[in-house]
Amino acid sequence: KDGREEAYQTIAFDNVSFLSTILYDYLQAVNVNIDKPGGYAVYGLVKSKLQDLLSQSIIIANYVVWTALIESTKDDITGEIFFTPSIVGSTKNEIGAWFDAVFYMTVDKSPDGKKLYKLITVGDRRQKAKIRVPSSIAQAIAAVETPDFGLLTKKITEANKTGGK
């Protein structure tokens, strides 16, 4: 250590799916319920711990990035398939509201068979994605972006400087 203190610019958790499962298992073990299904209390504690982690991260860094694995769920009435973060409990349905930006990454194939990675920034019914930031920033980010956090932060920084012009 050189004695200097530098503020964190970015804190990333890759992936919160694993973290939520570990928290759940830990809380089940602490409560001696390891072989029983978790109840509302355990799911509530997992949600609370994840919210605490996010709150502390926001205090420490300018950018907070969480990734999650995706699971598909089928609506029993319509048969429609939805993609949600793979997180224990009902948190998976509301975690997107905790963030200013939620992106969905997908992999397609080019005509020659190469993988094309895409970051979806505008969602639809099946996959939730959004940007809840000033319009000057939202206009600087395309509906489909290259999945490069450095490039996104550069676009956001430039949009802040120029007011989106």
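Summary of the structure given here. (Residues numbered from 1 in each chain as written. Predicted model: local features only at pLDDT ≥ 70, side-chain atom pairs only at ≥ 80, totals over all residues. Heavy atoms only, no water.)

Digging into unusual backbone geometry
Argument step 1. With an omega of 10 degrees, the peptide bond between Asp14 and Asn15 qualifies as cis.
Argument step 2. Considering the arrangement of structural elements, one finds Asn15 in the loop between strand S1 (8–14) and helix H1 (16–30). (Helix = DSSP H or I, 4+ residues; strand = E, 2+ residues; numbered from the N terminus.)

Some points on the pattern of salt bridges
Argument step 1. Throughout the structure, instances matching the rule amount to seven salt bridges.
Argument step 2. For Asp108, the salt bridge identified is with Lys118, shortest N-O distance 3.0 Å. A residue pair is termed long-range when its members are at least 10 positions apart, and Asp108 in strand S6 (residues 104–109) and Lys118 in strand S7 (residues 115–120) qualify at ten residues.
Argument step 3. The exposure class of Lys118 is partly exposed, given its relative accessible area of 28%.
Argument step 4. Of the charged contacts, one joins Glu145 and Lys155 as a salt bridge, the two residues approaching to 2.8 Å between their closest N and O atoms. A residue pair is termed long-range when its members are at least 10 positions apart, and Glu145 in strand S9 (residues 144–145) and Lys155 in helix H5 (residues 149–162) qualify at ten residues. (Salt bridge = Lys/Arg side-chain N within 4 Å of Asp/Glu carboxyl O. Buried < 20%, exposed > 50% of the residue type's maximum accessible area, 1.4 Å probe, protein only.)

Let's talk about the sheet that holds S9
By definition, the strands of a sheet pair up through backbone hydrogen bonds, in either a parallel or an antiparallel sense.
Argument step 1. Pairing in this open sheet of three strands is antiparallel, and the strands run S6-S7-S9 from one edge to the other. Two strands lie at the open edges of the sheet, namely S6 and S9, each paired on one side alone. (Pairing = 2+ DSSP bridges.)

Describing the pairing of strand S4 (residues 81–85)
Argument step 1. Here strand S3 (residues 70–74) runs beside S4; their pairing, made up of five bridges, is antiparallel. Paired with Thr73 across the two strands is Phe82, which belongs to S4.

A short note on the packing of aromatic side chains
Argument step 1. Evaluated as defined, the whole model comprises five aromatic pairs.
Argument step 2. Note on Tyr24 and Tyr43: the rings are 5.4 Å apart at their centroids and 20 degrees apart in plane angle, and the pair reads as stacked. With Tyr24 in helix H1 and Tyr43 in helix H2 (residues 40–60), this pair connects stretches of sequence that are 19 residues apart.
Argument step 3. The exposure class assigned to Tyr24 is buried, which follows from its relative accessible area of 13%.
Argument step 4. Their ring planes at 65 degrees and their centres at 5.4 Å tell us that Trp66 and Phe99 sit as a pair that is edge-to-face. Here Trp66 is found in strand S2 (residues 61–67), whereas its partner Phe99 is found in the loop between helix H3 (91–94) and strand S5 (101–102), with 33 residues between them in sequence.
Argument step 5. Given a relative accessible area of 14%, Trp66 falls into the buried group.
Argument step 6. An aromatic cluster of at least three residues, connected via ring pairs, comprises Phe13, Trp66 and Phe99. (Phe/Tyr/Trp six-rings, centres within 6.5 Å; stacked < 30°, edge-to-face > 60°.)

Everything listed is a geometric property; what it means functionally is a separate question.
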